[in-house]
Each structure stands twice: as C-alpha cells, then as structure tokens.
Amino acid sequence: MTLHATRIVGCALAVGLLSGPALAQSPAQTEHLTVVGAGGVLQDAERAVFFRPFADASKVQLTEDSYSGQMAKVRAMVDTGSVSWDVLQVEQNSLLSGCEEGLFEKIDWTAVGDRKEFIDEAYSECGVGAFVWSMVMTYDRSRIADGPKSWADFWNVQRWPGKRGLRQTAKMTLEIALLADGVPRGEVYKLLATPAGVDRAFASLDRLKPDILWWTSGAEPIERLASGDVVMSAAFNGRVTAANQSGRTFALAWNGQVLGVDYWAIPKGAKNRATAERFIAFASRPEVQARFPSHIAYGVTNRKANLGIDPALAADLPTNPANFALAVPLDTAFWADHGEALEARFANWRSR
Amino acid sequence: MTRMASTTETMAGTSALAPPSLSSRAKARMVSVLLIAPLVLFLTLVFVLPLGGMLFHAVENGEVGGALPGVAAEMRGWTGEGLPPEAAYAALARDLKAAYGEPRLGEASRRLNYERAGYRALLAKTARAVRAIDRPQAGWTAELTAIDARWGEPATWAALRRASPSLTPYYLLTALDLRMDDGGAILRAPAEERIYIDTLGRTLWIGFVTTLLCLVLGFPLAHALVSLPRGFASVLMVCVLLPFWTSLLVRTSAWIVVLQKEGVLNGLLTRLGIVDAPLELVFNRFGLYVAMVHILLPFMILPILSVMKGISPSYMRASASLGAHPAVGFLKVYLPMTLPGVGAGCLMTFIIGVGYYITPSLVGGARDQMTSYFIAYYANTTINWGLSSALGAILLACIMLLYATVGRLIGVGRIAGIQ
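Conventions and cut-offs
- Residues numbered from 1 in each chain as written.
- Chains lettered and ligands numbered in written order.
- Predicted model: local features only at pLDDT ≥ 70, side-chain atom pairs only at ≥ 80, totals over all residues.
- Helix = DSSP H or I, 4+ residues; strand = E, 2+ residues; numbered from the N terminus.
- Rg over C-alpha atoms; globule rule 2.2 N^0.38 Å.
- Buried ≥ 20, exposed ≤ 12 C-beta atoms within 10 Å, placed from the backbone.
- Contact = placed C-beta atoms within 7 Å.
- Core = buried A, V, L, I, M, F, W, Y, C linked by C-beta atoms within 7 Å.
- Domains from an automatic or database assignment.
- Axes fitted to C-alpha atoms, helices over the stretch in contact; angles between N-to-C directions.
- Parallel < 35°, antiparallel > 145°, perpendicular 65-115°, else oblique.
- Left-handed = near helix turned anticlockwise from the far one by under 90°.
- Nonpolar A, V, L, I, M, F, W, Y, C, P; charged D, E, K, R; others polar.
- Pairing = 2+ DSSP bridges.
- Arc of directions from axis to C-beta.
- pLDDT = per-residue confidence, 0-100.

A few points about the overall build of chain B
Move 1: A count of helices and strands for chain B gives 20 helices and 2 strands.
Move 2: Its C-alpha radius of gyration of 32 Å places chain B more than 25% over the 22 Å reference for a compact globule of 419 residues.
Move 3: Projected onto its principal axes, the C-alpha positions of chain B cover 105 × 100 × 35 Å.
Move 4: The buried share among the 419 residues of chain B stands at 32%.
Move 5: When contacts within chain B are restricted to residue pairs at least 6 apart in sequence, those whose partners lie at least 24 apart make up 68%.

A look at the overall build of chain A
Move 1: Within chain A, the secondary structure is distributed over 16 helices and 9 strands.
Move 2: Counting only residues that meet the buried cut, chain A has 45% of its 352 residues in that class.
Move 3: Sequence-distant contacts, at least 24 apart, represent 73% of the contacts inside chain A between residues at least 6 apart.

Notes on the nonpolar core
Move 1: Membership of the largest hydrophobic core comes to 100 residues, with the highest contact counts inside it found for Val87 and Ala265 of chain A.
Move 2: Composition of this core by domain shows at least three residues from each of domain 1 (30–132 + 261–324) and domain 2 (135–259 + 329–350) of chain A.
Move 3: Not counting the four nearest positions on each side in its chain, Ala265 of chain A is found in contact with Leu88, Val90, Leu95, Phe104, Cys126 and Gly127 of chain A.
Move 4: In this structure, Leu281, Leu288, Leu347 and Tyr378 of chain B belong to the second largest nonpolar core, which totals 53 residues.

Observations concerning the packing of helix H11 (residues 230–245) of chain B against helix H14 (residues 285–309) of chain B
Residue and element names in this part refer to chain B.
Move 1: Taken N-terminus to C-terminus, the directions of H11 and H14 make an angle of 125 degrees; their axes are 9 Å apart at the nearest point. By the angle between their axes, H11 is oblique relative to H14. Handedness of the H11/H14 crossing: left-handed. Each of Val240, Leu241, Pro243 and Phe244 in H11 lies in contact with H14, whose residues at this interface are His294, Ile295, Leu297, Pro298 and Ile301.
Move 2: Here the residues of the contact of H11 with H14 sort into 8 nonpolar, 1 polar and no charged.

Let's talk about the interface of chain A and chain B
Move 1: With 22 residues of chain A in contact, the opposing surface of chain B contributes 23 residues.
Move 2: When residues in the side of chain A that touches chain B are grouped by element, the largest group, 12 residues, is from helix H16 (residues 332–350) of chain A.
Move 3: When its residues are assigned to classes, the side of chain A that touches chain B shows 9 nonpolar, 6 polar and 7 charged.

Re the pairing of strand S8 (residues 250–265) of chain A
Residues and elements named next belong to chain A.
Move 1: Counting buried positions along S8 yields 13 of 16 residues, so the element is predominantly enclosed.
Move 2: Where strand S3 (residues 87–91) and S8 come together, 4 bridges link them in antiparallel fashion. Bridging from a neighbouring strand, Val90 pairs with Tyr263 of S8.
Move 3: Where strand S4 (residues 127–140) meets S8, 12 bridges bridge the pair, whose relative direction is antiparallel. Looking at S8, one finds that Val128 is bridged to Trp264.
Move 4: With 2 bridges joining them, S8 and strand S9 (residues 328–329) adopt parallel strand pairing. Bridged to Val258 within S9 is Val328.

Considering helix H3 (residues 69–76) of chain B
Move 1: For H3 of chain B, every residue scored as buried is listed here: Val71, Ala72, Glu74 and Met75 of chain B. For H3 of chain B, the buried positions fall inside an angular range of 160 degrees around the axis, keeping them on one side.

Considering the domain arrangement of chain A
All names here are of chain A.
Move 1: What the domain assignment lists for chain A is domain 1 (30–132 + 261–324) and domain 2 (135–259 + 329–350).
Move 2: Taken over C-alpha atoms, the centre of domain 1 sits 26 Å from the centre of domain 2.
Move 3: Of the residues lining the interface, 13 residues belong to domain 1; the matching set on domain 2 comes to 15 residues.
Move 4: Ranked by the residues each element gives to the side of domain 1 that touches domain 2, the list is headed by helix H4 (residues 92–100), at 4 residues.
Move 5: The residue inventory of the side of domain 1 that touches domain 2, partitioned by class, reads 7 nonpolar, 4 polar and 2 charged.

Focus: the confidence of the model for chain B
Residues and elements named next belong to chain B.
Move 1: For chain B, the mean per-residue pLDDT works out to 87, and 93% of the residues sit at or above 70.
Move 2: When the criterion is pLDDT under 50, residues 1–18 qualifies, and its contacts beyond four places in sequence or with other chains add up to 0 contacts.
Move 3: What the predictor reports for the complex is a pTM of 0.79 with an ipTM of 0.71.

Considerations on the pairing of strand S5 (residues 164–167) of chain A
Residues and elements named next belong to chain A.
Move 1: What you see with S5 is no split at all: Arg164 and Leu166 on one side and Gly165 and Arg167 on the other are buried throughout.
Move 2: Where S5 lies against strand S6 (residues 212–215), 4 bridges are found, and the strand directions are parallel. The residue of S6 that forms the bridge with Arg164 is Ile212.
Move 3: Pairing between S5 and strand S7 (residues 232–236): 2 bridges, direction parallel. From the neighbouring strand, Gly165 faces S7, where its bridge partner is Ser233.

As for unusual backbone geometry
Leaving glycine aside, a negative phi is the common case for residues, and trans is the common case for peptide bonds.
Move 1: Look at Met172 of chain A: it is not a glycine, yet its phi comes out positive at around 80 degrees.
Move 2: Structurally, the position occupied by Met172 of chain A is in the loop between S5 and helix H7 (173–180).
Move 3: The partly exposed category is assigned to Met172 of chain A, around which 19 C-beta atoms lie within 10 Å.
Move 4: Unlike most non-glycine residues, Phe283 of chain B shows phi in positive territory, near 65 degrees.
Move 5: Looking at the element boundaries, Phe283 of chain B is found in the loop between helix H13 (264–271) and H14.

Concerning the packing of H3 of chain B against helix H4 (residues 86–99) of chain B
Residue and element names in this part refer to chain B.
Move 1: Orientation of H3 relative to H4, taken along the N-to-C sense of each, is 160 degrees, at an axis distance of 7 Å. By the angle between their axes, H3 is roughly antiparallel relative to H4. Remark: the crossing between H3 and H4 carries left-handed chirality. Contact with H3, carried on its side by Pro69, Gly70, Val71, Glu74 and Met75, involves Ala87, Ala88, Ala91, Leu92, Arg94 and Asp95 of H4 and no other residues of that element.
Move 2: Class assignment of the residues belonging to the contact of H3 with H4 gives a composition of 7 nonpolar, 1 polar and 3 charged.

Some details on the environment of Ala177 of chain A
Residue and element names in this part refer to chain A.
Move 1: With respect to the helices and strands, Ala177 occurs in helix H7.
Move 2: Between the alpha carbons of Ala177 and Trp155 there is a distance of 8.8 Å; along the sequence they are 22 residues apart.
Move 3: Discounting residues that sit within four places of it in the chain, Ala177 has contacts with Ala201, Ser204 and Leu205.

Regarding the confidence of the model for chain A
Move 1: In this model, chain A carries an average pLDDT of 88, and 92% of its residues clear a pLDDT of 70 or more.
Move 2: In this model residues 5–28 of chain A is a low-confidence stretch, pLDDT under 50, and it forms 1 contact with partners more than four residues away in sequence or in other chains.

Here's what the structure looks like:
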C-alpha cells in the first residue's frame, strides 16, 4: 500500500517536473482569454456567436467560465490582486456601482467603434452593451385565446382567474405594479422615487398578492406556464421565444416590457486586457451581433446589426422598433440609489 | 544545624535526581506542543482570523473618512444641530474635487447611500459640478446648495455626520431593526422595514423544532441500532448514513420531486383515494422541516449512538433485579446516562440547523427564509459586507448564548464527551 502510494507520488512528481517547463513556455506563444458568462442557453448562444468565432479568427486560446452575476467574487479578485477573469458579462446596476468603486477597467470607446451606431443604453464608462433583454408578459395561447394586453389586464383576476408568475425581486416588479395601476410609462421612476409612489406600488402588489407565484430562475416561469401552474407570467423574452421554437405557443405582450441591457466589462487588473478589448470590439461589430438573435431572441445594441436580422425573427425582439416604443427602459441609476432599501422592504412585504 | 544540613542534603539529592525527569517532561511537553501546533495554526488561519475579521466588518466604517477626510474631520467638531459651518461645505468641495473619479468616492457613496437613499446620486452630481467651480463667488454653502437643494437640509448633513467616524453601530442596529435618528436617538425601524428580528426569531424557532423532531426520531433509532442483532443494525446504520454521504443539493431537490404538487407522494395519495386534491407539501414550512430533519438526523443519531454503545446492559438488568419497572429503569437509570449524547446531538443539530439557507430557499416558502439567506444575499449579491457581518455576528451571539446556557446546565465537558 505504502509502496504503491510512494510510486504514484513519484510518478506525479516526475510528470510535473517534465511538463513544468513546457507549460511555462506556452503563454508566450499563444494569447489567452477567459470570458465569463451567465451560463445556460445564453452562454451557448454567446459561445456560437462571439466566443468561438473570436478564438478562431484571432488564434486566442479562450477559456470559459460562468457565474450567477454575484459581484462578491469580482470584488474578492480585485481586492486580492488575483484576477483570473478577463471579460465579464455584467448586469447594468452591477456595472454602474462596480465602475464607481473601481472593480472595472475604463473602456476605450475609440477602439470599440462609433458610439453613434449603438443605442444610447449601450454606452457606459466601464462597459459596452452586449445585448438587450426584456421582462415581458407572456401567456399560453393554447389555454387563453383572448389574452391580456397590458399589466392592468395581468392584475385582472376576475376575467382571467389563476396564478400569475412574477420575479422575486423588487426591481422590475415595482415598475410593473405601477404600470398595472395605470401610471404612464414615462412617469414610473419619477413616482417610484417618492415615498407615496413606493406605497402605491406596494398597494398595487397587495391586490394581486394571493395570486402571485414568485420565481427566481429564468427557467421557472416557462416550466410553470407549460404545466399550467400559472396562467400568465412575467418572463425573460429570450426564454419565451426559445420555448416557442421548441413547440410552445406562448404569446408575447410587449406593452410595458421592462428593458435591460447586459454589458461586456473588463475586471480591474485583468491579465489579458488588450485581448479582452479586442474581444469586446469583435463582439460589438454589426455583422457579428446580427447573428446573435438567431441563437437566442435578445436584442442587439449596435443599431446597424438590425439590418442583418431575419425580419421574421426581428418581430420577436425587444429592440424591434414597434416593441421598443412600448418599453420602459430599466433605470439603473434609480436602482443603484434605492435598490437596497426597496429590496429589503420587498422581502419584508413578501414574508407577511 | 544538623537538620538544616539534612534538608540541604535532601534538596541537593532531589535536585541531583531531578534534571533527567524534568527535561524529559519538558521534552514531552515540547513534543505535544509541536504536535498540536499545526492544529492551532490551522484554527487561527481558517477560524479565528476570518471570524475576527467578520466581527470587525460589522462595525468598520472607514469609507467616508478615507474618501472625504477633510469633511469627516469637520463633522467630528460639529455639534450636529441645524446646518454645519461654511468650513464644512468648503472641506466637502475640496474633498470631492480630490476624490473625483476614484474608487474610494464610490465606496463612500455606497456607505452614505445606506444612511439616506439617494446620497449616491447626490455625491456623483455634486462631485461633477464642483470641478467647474474654481473660486466660489458667494461661498461654498451657497454654491453647494445651488448645485442641489439637499445640501441645505439638516438631514443630509446628519447622515454624513453619522457615517464619518471610523467605527459605526449602523450595521448592528440595522440587523436588530433599529435606526439612529438625526438627533442620535435610537428608535425602532418603521413597521414596513422591520425584517431581521422576525427572521432571527423564525431561524431560532425552525432550528428548535428541527432539533426536537430529530431527537424524537433519532433517540429510538439510536437505541434500536445498539440493541438490534449486528447484521440488521449495520443495514440500518447504512440507511442512516446514506443521506449523510449524498450532496445536500441532491437530497433537497429529491424532496421537491417527492413532495411537489404532481410529485410522487401526491400521485400515490390521489391514486389510492386518500385525498381528492393534491396536498401542499412543499414550498412551505412542512416541506422545510421534512428536508431539514432528513439532512440533520445523522448529526443527532451519531453522538447518541456513541454514548449508548458505552452503556453496559447490566445497569438495566441491575435496576430490574432491584425491582424497578422497565419504564422507571429507563427514566432513572438509562436516560440520565444518555444525556451527554442527547446534549451533544441537540446542540450540533441546532447549530448546524440555524445556519441553513440553501434548503429553506429551495423547499421553503416566502415565510420560511432564515437569517443566513440574508447573510448570503448581502455578502454575495449586494456586497454590503457590513450588514452581512452584523447579521452573522448576531446569529453567532445567539448561538454562543445558547451554548453558554446549555454548558451551564449540563456542563461543557459532558457536551463535548470529555466527561
């Protein structure tokens, strides 16, 4: 036993000694890049459209990782100076606060492309808009023929009885609650910044509370809609279209969609910063972005990319002009200021 | 004289004999110290230091002092009544110019935003605006108030004053649903914002009920394990330990499959005609208890089992031969001897149980979330490490208090199984 173990250790040491110098040489020859996405079907799409083509075109050895959007890991990497990620897909509010607190490198926009080609929301000091997603109302057309058209209809349990799915966060849910209460799209955040507006949003949620089934992961609303556990739900539009492509007949009601942008960002002190910048520039090209919606139905940030998208596909995108006109763009600065207080109140309200 | 001489002689004799025994004892002590040194080092590195760091995070408050040192110093000298003097406004403007665009300003903004929602945007806006002003015409008080009217409100300055010292009670107070008002008095938070005390109470209650259920199920099972024939007992033992070796996530998800609306159990009950409509068995407190008891049961059984194994069956025979009814014998003879195991099992189950958050978030409902859920939420998602640490410190204090109480009642040595 001991002899055996000794032999194994000896072999391992020998292998380590032999391969050590070889490994040490390799970084000088090939460029490395570690990109981090959110996992799942989204990362599958990113791999097909951005990661592999970039790695093939520029001979970069690309490694993937995924995370669930938690900034604690980035914070720990930056604080301890051991940054192993080079490019990161981040949500708007994480980008905003992370940028202020020095978690991300500043973006050199001249290297990315012409700022005027991008939608306004795509620009950030520390990030470049990667794609546009939306929190949209959906229901199963095979169960409801004449479905809800607005969030006010979503609140109408007399006409459409049954459970409703909403995401278990104050962010986006409070906006939806105000829209359902008849607040015009342009005034949602103005109102939500006042105590009276917050009370109004919670009062609106109170009315629907017994009929709400909360969800946390993006797959849940689709599963529950399919199983009939909910009759209608707020869901990420990309998931809905993906379900429809595999045979479901879920309707997308774009009125009052809450629109968000995810970004590419470079953690402060990333080891392969130059390669990371080249990757971001690559992923921002219109001809590259135009291929993205055929893999997952999220909108593009480069306006020129819209021209290259199949019109049948474009109709189901949040950035399609007809749908875009009905959207409430997520106000990240608002959530950076009020997020923590409102989420705590939301958790308290939910547990009562 | 002779006596003294003899004493000296004895002493000399002893000292002549002593060196080898002393040095061998010292050597033995040295060896034992060296043997436990890695353990002490390990405990210090992975337990004492992180724990101390966590406790410190709960009161640490260097953000504002680091980014805005001038105005923080002004705040220390200010009474806190009304509005601060011009010097404070000037110091703020100077600090904002110096810190503009730097990460430390972002950290200070985050900290101040805890005190007063909207502070983050206020600082960003003011920092941008003061850069354009080289020489204020009407003094900084007027300039800053012109940039944003909030600089003319006492509440804005009271928040800055509260956030300026290098240590703060803010996180601990928040974790106890308390607030410090602008005058420095401690008040309860508004009813719709009270959340952590309820959660803490719920956490301790869930831990208590889970421990009780584990004890009720675990005690007879442990007894069965020592009294059954060896073959049967070892099969039973494997059944107890099997969930112990399975991943926590797998076990928890398995319960969702079994208990959900269209799950295995409901399917069986409806098919047998026992219930008409499927029961709500999961995503509520019931489901949570089932999953938690399942996971924690081995922590109860194993300590009780180890104590029971050491109890000779002759004690019970002796009590029976002295005429005691088996129930009396059990209560007066057997049960007291198992108490150290019961105490250790209960304490272990409770302490591990109150730290759960993955299981409640998977199989519990909105009313079943425990303190650890918020600790994880603030640590990972919002990076509010101060509040996360404060909640952790309070949970730790509750457990220490319980440990001290139980230790006083049963004796720490008996819990640890030393006595």
